[in-house]
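Spelled out, the chains give:
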Amino acid sequence: MVVQPRIRSFICLTAHPEGCAENVRQQIRYVNGKGAIENGPKNVLVVGCSTGYGLASRIAASFGCGAGTVGVAFEKPSDKGRTASPGWYNNVAFHDEVKKAGIPVATVNGDAFSDEVKQETIQAIKATLPGGKVDQVIYSLASPRRTDPKTGETYKATLKPIGQPFENKNLNTDKQNVDIVSLEPASDEEISGTIKVMGGEDWELWMEALAEAGVLEEGVQTIAYSYIGPEVTWPIYTNGTIGTAKKDLGRAAKAITEKLSGLCGTAHVSVNKAVVTQASSAIPVVPLYISILFKIMKAAGNHEGCIEQMDRLYRDFLTSDAPPPPDEEGRIRLDDYEMLPDIQQAVAGNWIRINTDTLSEFADFDAYQSEFLRLFGFGIDGVDYDADVEVDLPLPS
Ligand code: NAD
């Protein structure tokens, strides 16, 4: 069938299989173009492997370091003539490309929060990866809900401020205008629910399950992704429900490092740059900030997307003899360029001046929109969007 984008607010209901595949191949070409990464991991588990930062990590691990990977994602296959979710097509394309390169691969599609998927993943590690163990675990989940496997209770993540209401400029991507978003503070239940979903508890459960099953190499390293960003987004991000959940990753990192001491394992949080992904496009205020940031970072020549960030994570931070120092809380700061004082001052200046009339002057909305469409495989050079495509693609085993 011919697949066109069908956008509803911050989600696109369709995905283009060929466009998604080309997007994956472009990321692979980026990493290949930078050359092999020495001293990288050999066998990697990526939890949240199908889109955004998880997919880019998996590509950097396999094509930069030559690592075999087991990935976990929760994606929808094509059903009754509907297209699959973009992450499904990304996984299919990733499998095709790594197989051509002769690199071991397996993907488990299911709810990463469940005990069943953790056990299925352990079996996949044993069956697929040389030695049946991993020396690196990337935790890159972004989910709106989580069912606690012990109690069966389902928790929801909320994107709200804490303590006080919040009002600020916001990008209405449907109407292409700058309006005002007002949010009431989260209740205690909403705060604790968000910590349950996006905090460190599930990361700890993953590491416990993997350790118990004996599939972690001596010296294993695990990394979870976080975000801090500028003051303008703090009430809704860093000091809001989601930021409170992210702070819990710091607690979890310490607890995991302690539990892995017998294996000399370590857990770290990496603070990454703001990029357009399905997760970030759902956060109020963030798309406007990203549109301004892109304009400024492109002009400064230090703009990065997911693959540039993850390639730099492996090349400069994880495998280098002289990696940039961590921050005072021991976190990797991949958001170093985003947080440069010059960049942030310029963002703050544009933030004050921006409104619907000045949107294109102070922000790169076109770039935001085209990056958003690319997430779903649209607007990618070399793809014939008028051609019939097969949408029902099985995930290769
Ligand atoms: P994304 O939406 O692109 O990816 C989320 C991934 O999680 C997908 O692979 C999806 O399949 C998987 N997933 C979701 N629920 C799942 C479940 N129940 N079981 C299995 N898999 C599930 O998100 P992203 O923006 O790449 O975010 C990944 C991490 O990076 C998050 O922790 C996020 O906070 C962090 N981060 C994002 C940004 C940003 O600007 N996007 C910046 C810094 C840090």
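Every value quoted in this text rests on a predicted model; they were computed, and no experiment measured them. (Residues numbered from 1 in each chain as written. Predicted model: local features only at pLDDT ≥ 70, side-chain atom pairs only at ≥ 80, totals over all residues. Heavy atoms only, no water.)

Asks: How would you explain the overall build of the chain if you had to name every residue and give the values?
Replies: Counting its secondary structure elements, the chain contains 12 helices and 13 strands. The C-alpha radius of gyration computed for the chain amounts to 20 Å, which stays within 12% of the reference 21 Å derived for 397 residues, consistent with globular compactness. Summarising its shape, the C-alpha atoms of the chain cover approximately 60 × 50 × 45 Å along the three principal directions. Classification of the 397 residues of the chain by burial places 55% in the buried group. At a minimum sequence separation of 6, the contacts of the chain that also span at least 24 residues come to 78%. Carbon together with sulfur atoms contributes 51% to the accessible area of the chain, which is approximately 17,000 Å² in total. The averaged location of the 54 negative side-chain charges in the chain is 1 Å from the averaged location of its 37 positive side-chain charges. (Helix = DSSP H or I, 4+ residues; strand = E, 2+ residues; numbered from the N terminus. Rg over C-alpha atoms; globule rule 2.2 N^0.38 Å. Buried < 20%, exposed > 50% of the residue type's maximum accessible area, 1.4 Å probe, protein only. Contact = heavy atoms within 4.5 Å. Areas by Shrake-Rupley, 256 points an atom, 1.4 Å probe, with all protein chains shown as cover. Lys, Arg positive; Asp, Glu negative; His and termini not counted. Charge placed at Lys NZ, Arg CZ, Asp CG, Glu CD.)

Asks: Outline the packing of aromatic side chains, listing residues and values.
Replies: Summed over all chains, the structure comprises 6 aromatic pairs. Look at Tyr227 and Tyr237: their rings are 5.1 Å apart centre to centre, the planes differ by 90 degrees, and that puts the pair in the edge-to-face class. In this pair, Tyr227 sits in the loop between strand 11 (216-226) and helix 7 (241-259) while Tyr237 sits in the loop between strand 11 and helix 7, placing the two residues 10 residues apart along the sequence. In terms of burial, Tyr227 and Tyr237 fall into one category: buried. Ring centres of Phe372 and Phe376 lie 5.2 Å apart, and the angle between their planes is 55 degrees; on these two criteria the pair is classed as tilted. One residue, Arg312, lies across the ring of Tyr337, its end atom 3.9 Å from the ring centre. (Phe/Tyr/Trp six-rings, centres within 6.5 Å; stacked < 30°, edge-to-face > 60°. Lys NZ or Arg CZ within 6 Å of the ring centre and 35° of its normal.)

Asks: Residue-level account of the site of the ligand, with values.
Replies: Residues in contact with the ligand amount to 29 residues; listed here are only the nearest, Ser50, Glu75, Ala112, Lys246 and Thr277. Residue Gly52 places a main-chain N or O atom 3.5 Å away from an oxygen atom belonging to the ligand. The backbone of Ala112 places a nitrogen or oxygen atom 2.8 Å from a nitrogen atom of the ligand. When the ligand sits alone it has 840 Å² of accessible area, and the protein chains cover 93% of it. Elements with a contribution of two residues or more to the shell around the ligand: helix 2 (52-65) and strand 11. Residues that form the shell around the ligand fall into these classes: 13 nonpolar, 12 polar and 4 charged. (Near = heavy atom within 4 Å. Polar contact = N/O pair within 3.5 Å; in protein donor to acceptor, adjacent residues only side chain to side chain. Nonpolar A, V, L, I, M, F, W, Y, C, P; charged D, E, K, R; others polar.)

Asks: Give a description of helix 9 (residues 306-318) that names residues and reports values.
Replies: The largest bend in helix 9 is about 25 degrees, located at Arg312. Summarising burial for helix 9: 11 of the 13 residues are buried, a large majority. Buried within helix 9 are the following residues: Cys306, Ile307, Gln309, Met310, Asp311, Arg312, Leu313, Tyr314, Arg315, Phe317 and Leu318. (Bend = angle between axes of the 7 residues up to and from the residue.)

Asks: Outline the pattern of salt bridges, supporting the account with residue identities and numerical values.
Replies: Summed over the entire model, instances satisfying the criterion amount to 22 salt bridges. Linking Glu208 and Lys259 is a salt bridge whose minimum nitrogen-to-oxygen distance equals 2.7 Å. Of this pair, Glu208 sits in helix 6 (residues 201-212) while Lys259 sits in helix 7, and the two are 51 residues apart along the sequence. Take Glu208: its relative accessible area is 32%, and that puts it in the partly exposed class. One salt bridge in this structure joins Arg333 and Asp335, with 2.9 Å as the shortest N-O distance. Residue Asp335 is classed as buried on the basis of its relative accessible area of 1%. When salt bridges that share partners are traced, they join Glu204, Glu208, Asp248, Arg251 and Lys259 into one network. (Salt bridge = Lys/Arg side-chain N within 4 Å of Asp/Glu carboxyl O.)

Asks: Please set out a positive patch on the surface residue by residue, giving values where relevant.
Replies: Residues Arg6, Arg8, Lys76 and Arg82 make up a contiguous surface patch of positive charge. You can see Arg82 is positioned in the loop between strand 4 (68-73) and helix 3 (86-100). We classify Arg82 as exposed; its relative accessible area is 57%. (Patch = residues over 30% accessible without salt bridge, like charges linked within 9 Å, V, L, I, M, F, W, Y side chains within 5 Å.)

Asks: Describe the side chain of Ser140, naming the residues involved and giving the relevant values.
Replies: For Ser140, the location among the structural elements is in the loop between strand 6 (134-139) and strand 7 (145-147). With relative accessibility at 16%, the residue Ser140 sits in the buried group. Side-chain polar atoms of Ser140 contact the backbone nitrogen of Gly54, separated by 3.2 Å. Setting aside anything within four residues of it in sequence, one finds Ser140 in contact with Val47, Gly48, Tyr53, Gly54 and Tyr225.

Asks: Outline the nonpolar core, listing residues and values.
Replies: Judged by nonpolar contacts, the single largest core of 53 residues is most densely connected at Leu288, Tyr289, Ile290, Ile292 and Leu359. With 9 residues, the single largest contributor to this core is helix 8 (residues 286-300). Contacts of Ile292, omitting those with residues within four sequence positions, involve Val347, Asn350, Trp351, Ile354, Phe362 and Ala363. Ile28, Ile138, Val275 and Ile332 belong to the second largest nonpolar core, which has 36 residues in total. (Core = buried A, V, L, I, M, F, W, Y, C linked by side-chain atoms within 4.5 Å.)

Asks: Describe in detail the sheet that holds strand 5 (residues 105-109), supporting the description with residues and values.
Replies: Ordered by their spatial adjacency, 7 strands build an open sheet running 5-4-3-6-11-12-13, and the pairing between neighbours is parallel. Edge positions in the open sheet fall to strand 5 and strand 13 (332-333), since each of these has one partner strand only. The strands touched by helix 2 within the sheet are strand 3 (43-47), strand 4, strand 5, strand 6 and strand 11, with strand 4 carrying the most contacts at an inclination of about 170 degrees. Packing of helix 3 onto the sheet brings it into contact with strand 4 and strand 5, and relative to strand 5 it is tilted by some 165 degrees. (Pairing = 2+ DSSP bridges. Axes fitted to C-alpha atoms, helices over the stretch in contact; angles between N-to-C directions.)

Asks: Hey, could you go over a nonpolar patch on the surface for me, with residue numbers and the actual values?
Replies: On the surface, Phe10, Ile11 and Leu13 cluster together into a nonpolar patch covering about 250 Å² of accessible area. Relative to the helices and strands, Leu13 resides in the loop between strand 2 (11-12) and helix 1 (17-34).

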